[in-house]
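# Tertiary structure, described
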Amino acid sequence: MATTTIAQAQTVKPAKPWYKVLYVQVLFAILLGVVIGWLWPGLATNDWIKALGDGFIKLIKMVIAPIIFCTVVSGISHIQDASKVGRVGIKALIYFEVVSTFALVLGLIMGNLFQIGHGLAAKPDAAAVATYAKQAAEQKSVDFVLNIIPDSVVGALARGDILQVLLFAILFGFSMMAMGERANRLRDIIDDAAHAVFGVIGIIMKAAPFGAFGAMAYTVGKFGPAALGNLIGLIALFYATAALFVFVVLGLIARFISFSIFKFIAYIKDELLIVLGTSSSESALPQLMEKLERLGCSKPVVGLVVPTGYSFNLDGTNIYMTLATLFIAQALGVDLNFGQQLTIVFVAMLTSKGASGVTGAGFITLAATLSVVNPALVPGMAIVFSIDKFMSEVRALTNITGNGVAAVVVSWWEGELDHEKLHANLNKQIDPSDLETAVTTG
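To start, this report covers the structure provided alongside it. On a predicted model such as this, the values are computed, not experimentally measured, just so you know.

## Section: the packing of aromatic side chains
Under the definition given, this model contains eight aromatic pairs. With centroids separated by 5.9 Å and ring planes inclined at 10°, the aromatic side chains of Phe-69 and Phe-168 adopt a geometry described as stacked. With Phe-69 in helix 4 (residues 47-77) and Phe-168 in helix 9 (residues 162-179), this residue pair connects regions lying 99 residues apart in the sequence. For Phe-69, a relative accessible area of 16% translates into the label buried. The exposure class assigned to Phe-168 is partly exposed, which follows from its relative accessible area of 26%. Here Phe-238 and Tyr-320 contribute two aromatic rings whose centre-to-centre distance is 6.0 Å and whose plane-to-plane angle is 75°, an arrangement assigned as edge-to-face. Here Phe-238, found in helix 12 (residues 232-256), pairs with Tyr-320, found in helix 17 (residues 315-332); they are 82 residues apart in sequence, far enough to count as distant. Here Phe-238 and Tyr-320 have matching classes, each one buried. Following the ring pairs from residue to residue traces out a cluster consisting of Phe-69, Phe-168 and Phe-172. If you follow Arg-395 out to its NZ or CZ, it ends over the ring of Tyr-320, 4.2 Å from the centre.

Here it is as structure tokens:
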């Protein structure tokens, strides 16, 4: 009994002062950025303010490729059964397609129920979206598939192309698996390298409040509250639809696995606030993967599902595409019949694969969708161009939440979800923000 009490006393840590908690710092920085951008737009749009947000995202993107490479290679190389990787991949893709379909259909339903585009009297400017339309026209399925294969491994790592790095990491992991015991020394090196890079992440995260402040201040300063105009309805509807998807669709999935979506969101609140400030879900990818492993998810599953999900499981982008397409059609007075609306679902299912968490990718995939459904709708993209920035945050928030839940579901499906660790973390028996402890204990 005494031993148990001593063990518990050793594991309980004193609570951090509120001003040292990362999510409190980030939230304060976001609010300060809104105030500065609103009251002093000239100061907020200064290049140095903008550089705070851009610099933080670049710092994070700097380590994404090595994190994915080390995590995936380590996960696969420790697996004795090669068929497991393929099995996990197939399960992940099945889950992605099913949940993505729910997101697309939900957006379609909400867009038809609340036809807020009617009466907008829009005057689209085709020149404002010419660049995006051109990029969309150049997007072909065969090009997307071929682009997964890097011209060189070094180039893929240098550019930080997630899918290309993922492909090489999978092949490298299989090669190490085939080497057996001869690869033990290399496995240890890669594992140690992963812990070292997570240490770098821990250092970078200390700058998250500065990045969130710079990104939010510049956004509000540049666009301002008046930029919303009559389009506030689309923003509100998109926010509501995304919330409905997260709390109802993902909530029901989480309930089936026996955990609360609300507790899960509270667990990843640091990552969500960083995404909110930077509008990029990639900015939280490394820390999300580390947290999911501590949550009880299988390391190989996290290493495969999360990076793949950033290209194949973009629920927020899917909702955005169906809602925005219907909104543009309604604003331009173009009637879309049932068959054309079904086409939106099928086309968006394809065009969304390959959109990353970087701001603007959703807008490019929207152009690709519109050009296929009805080319007359493409000039109407200028209608939502000015407010796309205000919706990109929620797209990224929904995407990262969906990918986090996906890792938990696939781990459960594989029978490798540690329910005890899951509930211990979600019930806050362990401090989820203590990244340094995870790095040092490994």
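## A short note on the pattern of salt bridges
On inspection of all chains with the given rule, the structure shows five salt bridges. Residue Glu-414 is joined to Lys-91 by a salt bridge in which the shortest nitrogen-to-oxygen separation is 2.7 Å. Of this pair, Glu-414 sits in the loop between helix 21 (388-413) and helix 22 (419-426) while Lys-91 is found in helix 5 (residues 83-113), placing the two residues 323 residues apart along the sequence. For the pair Glu-414 and Lys-91, a shared accessibility class is recorded, and that class is buried. With a closest N to O distance of 3.9 Å, Lys-299 and Asp-191 form a salt bridge. You can see Lys-299 sitting in helix 16 (residues 299-312) and its partner Asp-191 sitting in helix 10 (residues 184-204), a full 108 residues away along the chain. Judged by relative accessible area, which is 32%, Lys-299 ranks as partly exposed. Judged by its relative accessible area of 16%, Asp-191 falls in the buried class.

## Here we look at the environment of Lys-50
With respect to the helices and strands, Lys-50 occurs in helix 4. For Lys-50, a relative accessible area of 30% gives the class partly exposed. Placed 163 residues apart in sequence, Lys-50 and Phe-213 show a C-alpha to C-alpha distance of 9.2 Å.

## Quick notes on the environment of Asp-161
Residue position: Asp-161 is located in the loop between helix 8 (153-159) and helix 9. Each C-alpha atom of the pair Asp-161 and Ile-64 lies 9.2 Å from the other, and the pair is 97 residues apart in sequence. With residues near it in sequence (within four places) discarded, Asp-161 still touches Asn-147 and Ala-156.

## Here we look at the packing of helix 12 against helix 17
Where helix 12 meets helix 17, the closest approach of the two axes is 10 Å, and the angle between their N-to-C directions is 140°. The crossing of helix 12 and helix 17 is right-handed. The segment helix 12 lies against helix 17, with Leu-234, Leu-237, Phe-238, Thr-241, Ala-242 and Phe-245 engaging Asp-315, Gly-316, Ile-319, Tyr-320, Leu-323 and Phe-327. Here the contact of helix 12 with helix 17 is built from residues that sort into nine nonpolar, two polar and one charged.

## Examining helix 10
In a regular helix each residue adds 1.5 Å, so 21 residues correspond to 30 Å; helix 10 covers 30 Å between its end C-alpha atoms and thus fits that length. Inspection of helix 10 places Arg-187, Ile-190, Asp-191, Ala-194, Val-197, Phe-198, Ile-201, Gly-202 and Ile-204 among the buried residues, and these make up the whole buried set. Buried residues of helix 10, seen end-on, are gathered within an arc of 165° and therefore sit on one face of the element. With respect to the buried face of helix 10, the exposed residues turned more than 90 degrees away are Arg-185, Ile-189, Asp-192 and Ile-203.

## So, a nonpolar patch on the surface
Side chains of Ile-90, Ile-94, Val-98, Phe-102, Phe-256, Trp-412 and Trp-413 sit close together on the surface and give an oily, nonpolar patch of about 740 Å² of accessible area. Those elements giving two or more residues to the nonpolar patch turn out to be helix 5 and helix 21. Here the nonpolar patch takes four residues from helix 5, the largest share from any one element. If you trace the backbone, Phe-256 turns up in helix 12. For Phe-256, a relative accessible area of 60% translates into the label exposed.

## Considering helix 17
Because each turn of an α-helix spans 3.6 residues, side chains separated by three or four positions end up pointing in the same direction. Under the 1.5 Å per step criterion, the end-to-end length of helix 17 is 26 Å for 18 residues, consistent within 8% with the ideal 26 Å. Counted residue by residue, helix 17 has 17 buried out of 18 residues, so it is predominantly covered. Trailing helix 17 by a residue or two, Gly-333 shows a phi angle of about 75°, which is positive.

## Here's the deal with the side chain of Asp-315
Of note, Asp-315 is situated in helix 17. Apart from the residues within four sequence positions on either side, Asp-315 is in contact with Val-99, Ser-100, Ala-103, Phe-245, Thr-398, Asn-399 and Gly-402.

## Details of the nonpolar core
If you look at the biggest cluster of nonpolar residues, it comprises 115 residues, and the most contacted ones within it are Phe-264 and Leu-292. Top element by residues in this core is helix 4. It accounts for twelve residues. Residues in contact with Phe-264, not counting those within four places in the same chain, are Phe-259, Leu-292, Leu-295, Thr-401, Gly-404, Val-405, Val-408 and Leu-426. One finds Ile-36, Ala-44, Ile-49 and Phe-213 within the second-largest nonpolar core, a separate group that totals six residues.

Scoring rules and cut-offs
- Residues numbered from 1 in each chain as written.
- Predicted model: local features only at pLDDT ≥ 70, side-chain atom pairs only at ≥ 80, totals over all residues.
- Heavy atoms only, no water.
- Phe/Tyr/Trp six-rings, centres within 6.5 Å; stacked < 30°, edge-to-face > 60°.
- Helix = DSSP H or I, 4+ residues; strand = E, 2+ residues; numbered from the N terminus.
- Buried < 20%, exposed > 50% of the residue type's maximum accessible area, 1.4 Å probe, protein only.
- Lys NZ or Arg CZ within 6 Å of the ring centre and 35° of its normal.
- Salt bridge = Lys/Arg side-chain N within 4 Å of Asp/Glu carboxyl O.
- Contact = heavy atoms within 4.5 Å.
- Axes fitted to C-alpha atoms, helices over the stretch in contact; angles between N-to-C directions.
- Left-handed = near helix turned anticlockwise from the far one by under 90°.
- Nonpolar A, V, L, I, M, F, W, Y, C, P; charged D, E, K, R; others polar.
- Expected span 1.5 Å × (residues − 1).
- Arc of directions from axis to C-beta.
- Patch = residues over 30% accessible without salt bridge, like charges linked within 9 Å, V, L, I, M, F, W, Y side chains within 5 Å.
- Areas by Shrake-Rupley, 256 points an atom, 1.4 Å probe, with all protein chains shown as cover.
- Core = buried A, V, L, I, M, F, W, Y, C linked by side-chain atoms within 4.5 Å.

On their own, these measurements won't tell you what the molecule is for.
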